[in-house]
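Listed below, chain by chain, are the residues.
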Amino acid sequence: MPLVTTKEMFEKSMKEHFAIGAFNVNNMEIIQGIVDAAHEEQSPVILQASSGAIKYARINYLTKMVEAALQETNIPIALHLDHGADFDTCKMCIDSGFTSVMIDGSKYDFEENIELTKKVVDYAHKNGVVVEAELGKLAGIEDDVNVASEDAKYTDPNQAEEFVRRTGCDSLAIAIGTSHGAYKFKGEAKLRFDILEKVKNKLPNTPIVLHGASTVIPELVEMCNKYGGNIPGAKGVPDEMLHEAGKLGVSKINVDTDLRLAMTGEIRKAFVENPSEFDPRKYLQPARKAIYETVKHKIHDVFCSTNKA
Ligand code: G3H
Ligand code: 13P
Ligand code: ZN
């Protein structure tokens, strides 16, 4: 099956109330671990590359490795640009065969975000590519901010409706309290599901995207720390909250940090346990397996996209 856009998988996710995992890719082992897990679960999957990933792996290698993955499976796979910063980056990915791009105009004011997003949407749609946009600020929520400034970071449901109408974007990333990386919450994990519900009421047919949605799986953090890492106090979004988000209408859940932890934990373990070993395959193989297991768990137990291919 050729690469697909996210259109059909999102339609199915909204109708049947499950979420689709969007996993960040940077190299061959990560791509293989993710695709093998999605294939095993017969789940649709989104492979997403950030600008950093494209700089690291080089765009031709990424697209060719994804092409190779497609030849080994018949599940729907979309190739997506994560956090495209400007029109030129989105255009480069569209011209290179990506089927979906994100234009992240969240750092701009409302009107500038609309203008930039619309420009990307026009070019993408002409080329059969779909566009994810972002509204709201995905900053970490500190314990000591006051309510007014805290509210200012979240997506405004009324603005969301206007934003989607005026830009024609295909999906919308919203801010409800998640943040990128391994340190998402100081105290209890807290997400504003009330805002998600309001956005969904205003935009019942728009797929909603959750960034910064890694669980920061405690076992993986422990493993990193046990074998020489130093990641104290890391905390993510609990599985139950992600499950709830999927039920409430989130169609795409972004995961990068958990894959980084899985890979790093296994490599650290291999280095400590086999200091005389220097064949990269001996540590990259368990790392790839850890990616596979992490993705399989998310698809099967949290996002509920098993057998939705
Ligand atoms: O949201 C960001 C992703 O985790 C990608 O991170 O820009 O370091 O590749 P990166
Ligand atoms: P995490 O850092 O929580 O994995 O989020 C990844 C992400 O949102 C990629 O866009
Ligand atoms: Zn993100």
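For the structure itself, consult the block above.
What you see is a predicted model, and the numbers here were worked out from it, not measured in a lab.

What counts as what
- Residues numbered from 1 in each chain as written.
- Chains lettered and ligands numbered in written order.
- Predicted model: local features only at pLDDT ≥ 70, side-chain atom pairs only at ≥ 80, totals over all residues.
- Heavy atoms only, no water.
- Near = heavy atom within 4 Å.
- Polar contact = N/O pair within 3.5 Å; in protein donor to acceptor, adjacent residues only side chain to side chain.
- Helix = DSSP H or I, 4+ residues; strand = E, 2+ residues; numbered from the N terminus.
- Nonpolar A, V, L, I, M, F, W, Y, C, P; charged D, E, K, R; others polar.
- Core = buried A, V, L, I, M, F, W, Y, C linked by side-chain atoms within 4.5 Å.
- Buried < 20%, exposed > 50% of the residue type's maximum accessible area, 1.4 Å probe, protein only.
- Contact = heavy atoms within 4.5 Å.
- 1 Å grid on protein atoms, 1.4 Å probe; cavity = no way out; pocket = protein on both sides within 12 Å on 5 of 7 lines; lining within 4 Å.
- Points joined across faces, edges and corners; volume = space filled by probe spheres on them.
- Donors = N, O, S within 2.8 Å, 3.2 Å for Na, K, Ca; no water.
- Salt bridge = Lys/Arg side-chain N within 4 Å of Asp/Glu carboxyl O.
- Axes fitted to C-alpha atoms, helices over the stretch in contact; angles between N-to-C directions.
- Parallel < 35°, antiparallel > 145°, perpendicular 65-115°, else oblique.
- Left-handed = near helix turned anticlockwise from the far one by under 90°.
- Areas by Shrake-Rupley, 256 points an atom, 1.4 Å probe, with all protein chains shown as cover.

### Considering the site of ligand 2
Next up, step 1: Around ligand 2, the structure places 15 residues, and the nearest of them are Asp-82, Lys-184, Ser-214, Asp-256 and Thr-257.
Next up, step 2: The separation between an oxygen atom of ligand 2 and a polar side-chain atom of Ser-214 is 2.6 Å.
Next up, step 3: Going through the elements one at a time, strand E3 (77–84) and strand E8 (250–255) are the ones with two or more residues in the shell around ligand 2.
Next up, step 4: Its residues placed into classes, the shell around ligand 2 shows two nonpolar, ten polar and three charged.

### Here we look at the nonpolar core
Next up, step 1: Residues Ile-34, Leu-47, Val-101 and Leu-172 are the most contacted members of the largest nonpolar core, which totals 76 residues.
Next up, step 2: Every residue in contact with Leu-172, bar those within four places of it in the chain, is listed here: Ala-133, Glu-134, Leu-135, Ala-160, Phe-163, Val-164, Leu-203, Thr-206, Pro-207, Ile-208 and Val-209.
Next up, step 3: Val-216, Val-221, Ile-231 and Ala-262 belong to the second largest nonpolar core, which has ten residues in total.

### Quick notes on empty space enclosed by the protein
Next up, step 1: Evaluated as defined, the whole model comprises one cavity of 30 Å³ or more.
Next up, step 2: For the largest cavity, the calculated volume is near 30 Å³.
Next up, step 3: As for the largest cavity, its lining consists of His-17, Phe-18, Ala-19, His-243, Gly-246, Lys-247, Val-302, Phe-303 and Cys-304.
Next up, step 4: Secondary structure elements with two or more residues in the lining of the largest cavity: helix H11 (239–247) and helix H13 (280–303).
Next up, step 5: The element that contributes the greatest number of residues to the lining of the largest cavity is H11, accounting for three residues.
Next up, step 6: Here the residues of the lining of the largest cavity are counted per class, giving five nonpolar, three polar and one charged.

### Concerning the coordination of the zinc ion (ligand 3)
Next up, step 1: Here the zinc ion (ligand 3) is held by His-83 (NE2), His-180 (NE2) and His-211 (ND1), and the distances to it run 2.0 to 2.1 Å.
Next up, step 2: All donor residues of the zinc ion (ligand 3) come from one chain, and their arrangement in sequence is H-x96-H-x30-H. On the criterion of sequence distance, the pair formed by His-83 in strand E3 and His-180 in the loop between strand E6 (171–174) and helix H9 (193–202) is long-range, its members being 97 residues apart.
Next up, step 3: You can call His-83 partly exposed: its relative accessible area is 22%.
Next up, step 4: Among the residues examined, His-180 registers a relative accessible area of 44% and is labelled partly exposed.

### Section: the pattern of salt bridges
Next up, step 1: Scanning the model with the defined rule gives 17 salt bridges in all.
Next up, step 2: Of the charged contacts in the structure, one is a salt bridge between Lys-269 and Glu-273, with a shortest N-O distance of 3.5 Å. Here the residue Lys-269 and the residue Glu-273 both occupy positions in helix H12 (residues 257–273), the gap between them amounting to four residues, near one helical turn.
Next up, step 3: Look at Lys-269 and you get partly exposed, because its relative accessible area is 25%.
Next up, step 4: On the basis of relative accessibility, which here comes to 43%, the residue Glu-273 falls in the partly exposed class.
Next up, step 5: Between Arg-281 and Asp-279 there is a salt bridge, and its shortest N-O distance comes to 3.0 Å.
Next up, step 6: We classify Asp-279 as buried; its relative accessible area is 18%.

### Observations regarding the packing of helix H2 (residues 28–41) against H13
Next up, step 1: Contact geometry of H2 with H13 gives a least axis separation of 8 Å together with a crossing angle of 40°. Considering their axes alone, H2 and H13 lie oblique with respect to each other. Handedness of the H2/H13 crossing: right-handed. Two secondary-structure elements touch here, H2 through Glu-29, Ile-30, Gln-32, Gly-33, Ile-34, Asp-36, Ala-37, Ala-38, Glu-40 and Glu-41 and H13 through Leu-284, Arg-288, Ile-291, Tyr-292, Val-295, Lys-296, Ile-299 and His-300.
Next up, step 2: Grouping the amino acids of the contact of H2 with H13 by side-chain chemistry returns nine nonpolar, three polar and six charged.

### Regarding the site of ligand 1
Next up, step 1: Within the structure, ligand 1 sits among Asn-24, Ser-50, Asp-82, His-83, His-180, Asp-256 and Arg-260.
Next up, step 2: Here an oxygen atom of ligand 1 and a side-chain polar atom of Ser-50 are 2.6 Å apart.
Next up, step 3: Side-chain polar atom of Arg-260 to an oxygen atom of ligand 1: 3.0 Å apart, as the coordinates give it.
Next up, step 4: For ligand 1, whose accessible area on its own is 310 Å², the fraction buried by protein is 66%.

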